[in-house]
Amino acid sequence: MSAQDHIAAGIGWREHAGDGPVLVALHGIGSEARAFDALAAALPGWHVLAWEAPGYGPSEALAVEWPSAADYAAVLQAFLDARGLTRVHLLGHSLGTLIGAAFAKACPERVESLTLASCAQGAGAAPGHLPEKQAARLEDLQRLGAADFARSRAPRLVFQPETNPDLVANVTAGMAKIRLPGYAQAVRMLASGDLAADCAALKIATAVVVGAEDVVTPPAQSQAAHAAIPAAHRGALTLIPGAGHALHQQAPQALAAALKSHAAKGVTP
């Protein structure tokens, strides 16, 4: 499946054409649209669109300094409107889970199914306050620069990085493309986010997937998000063995299988 990169109305995306189900994929805080290439290849026939979040790649940053997940969800809504996509399967990875849940909460009629992978729970901080853990991200980026920042962090996203050098190199290359102010806005959104609260308000079929060896967003975080989803809309919780945080790159076939299984079960009222 060949992929094409596009940009329109200030948002970039990478598109894998297909006549089957439409999947929109939302990447994590240190990632990019290309991170979903292996997953798209594992979903032959699907029409996969992976966006570049505001402030990433060619996408314009948000106008607000301390955005919420709802601010990103509003951009996602405009992106879907511009593509003429009225109803899609939605996949959020890591930071993208906060955006995906916020969008599904606001626009349930637009989501065929929601899959949350490697859940970033958010810190639930008040706007304008950056907790120590999130502040350290920005301090490290400013001190090291994007390339060294990526080299220091990317191996943690991969299970057994010493035996997966090519995968580590790919994850590192994607992370090295982060830039300001987009990354800073994403860090602030992560600080204020509350995934469990948004999950509790969901009214569409939602599944959760996590790598068993994820040390960035450990399985307990994804389990908590899954438990918060109302029982009537709670899909499967899938633990993928031998995969770390970047499970869409380390275990694309397993993630694709979980996505297809969830999509096949249809939506809840």
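The structure we're discussing is the one just above.
What comes next is a walk through the structure. Here the structure is a predicted model, which means the values were calculated and not measured.

Thresholds, definitions, all that
- Residues numbered from 1 in each chain as written.
- Predicted model: local features only at pLDDT ≥ 70, side-chain atom pairs only at ≥ 80, totals over all residues.
- Heavy atoms only, no water.
- 1 Å grid on protein atoms, 1.4 Å probe; cavity = no way out; pocket = protein on both sides within 12 Å on 5 of 7 lines; lining within 4 Å.
- Points joined across faces, edges and corners; volume = space filled by probe spheres on them.
- Helix = DSSP H or I, 4+ residues; strand = E, 2+ residues; numbered from the N terminus.
- Nonpolar A, V, L, I, M, F, W, Y, C, P; charged D, E, K, R; others polar.
- Axes fitted to C-alpha atoms, helices over the stretch in contact; angles between N-to-C directions.
- Parallel < 35°, antiparallel > 145°, perpendicular 65-115°, else oblique.
- Left-handed = near helix turned anticlockwise from the far one by under 90°.
- Contact = heavy atoms within 4.5 Å.
- Buried < 20%, exposed > 50% of the residue type's maximum accessible area, 1.4 Å probe, protein only.
- Phe/Tyr/Trp six-rings, centres within 6.5 Å; stacked < 30°, edge-to-face > 60°.
- Lys NZ or Arg CZ within 6 Å of the ring centre and 35° of its normal.

**Details of the layout of surface pockets**
Looking at the largest pocket, its volume works out to about 720 Å³. Forming the boundary of the largest pocket are 39 residues, of which Ile-29, Ser-94, Arg-137, Val-216 and His-245 lie nearest the centre. At the level of secondary structure, the elements contributing two or more residues to the lining of the largest pocket comprise α1 (37–41), α4 (132–144), α5 (146–153), α6 (165–175), α7 (182–192) and α10 (247–250). Here the element with the most residues in the lining of the largest pocket is α6; it accounts for six residues. For the lining of the largest pocket, a count of residues per class yields 17 nonpolar, 15 polar and seven charged. In this structure, the second largest pocket occupies an estimated 180 Å³ of space. Mapped by element, the contributors of at least two residues to the lining of the second largest pocket are β1 (3–8) and β2 (11–16). Looking at the lining of the second largest pocket residue by residue, the classes come out as five nonpolar, four polar and six charged.

**Things to note about the packing of helix α3 (residues 95–106) against α7**
One way to put it is that α3 packs onto α7 with a least axis distance of 10 Å and a crossing angle of 65°. With respect to α7, the axis of α3 lies roughly perpendicular. For the pair α3 and α7, the crossing hand works out as left-handed. On α7, the residues that touch Leu-95, Leu-98 and Ile-99 of α3 are Ala-186, Met-189 and Leu-190. Grouping the amino acids of the contact of α3 with α7 by side-chain chemistry returns six nonpolar, no polar and no charged.

**Section: unusual backbone geometry**
With an omega of 5°, the peptide bond running from Leu-180 to Pro-181 counts as cis. On the secondary structure map, Pro-181 appears in the loop between α6 and α7. One non-glycine residue with positive phi stands out, namely Ala-9, at about 50°. With respect to the helices and strands, Ala-9 occurs in the loop between β1 and β2. What makes Ala-9 exposed here is its relative accessible area of 81%. Here Ser-94, not a glycine, exhibits a phi torsion of approximately 55°, which is positive.

**Some thoughts on the packing of aromatic side chains**
Counting across every chain of the model gives three aromatic pairs. Here the aromatic rings of Trp-13 and Phe-79 are separated by 5.4 Å at their centres, their planes lie at 70°, and the arrangement is edge-to-face. A residue pair is termed long-range when its members are at least 10 positions apart, and Trp-13 in strand β2 and Phe-79 in helix α2 (residues 69–83) qualify at 66 residues. The exposure class assigned to Trp-13 is buried, which follows from its relative accessible area of 7%. For the ring pair Phe-149 and Tyr-183, a centre distance of 5.7 Å and an interplane angle of 75° mean the geometry is edge-to-face. Taken together, the residues Phe-149 in helix α5 and Tyr-183 in helix α7 connect sequence positions 34 residues apart. One exposure class covers both Phe-149 and Tyr-183, and it is buried. In textbook terms, an aromatic cluster arises when at least three aromatic residues are bridged by ring pairs, as seen for Trp-13, Trp-51 and Phe-79. Geometry around Trp-66 places Arg-188 over its ring, the cationic atom sitting 5.1 Å from the centre.

So far we have only geometry, and geometry alone does not tell us how the molecule works.
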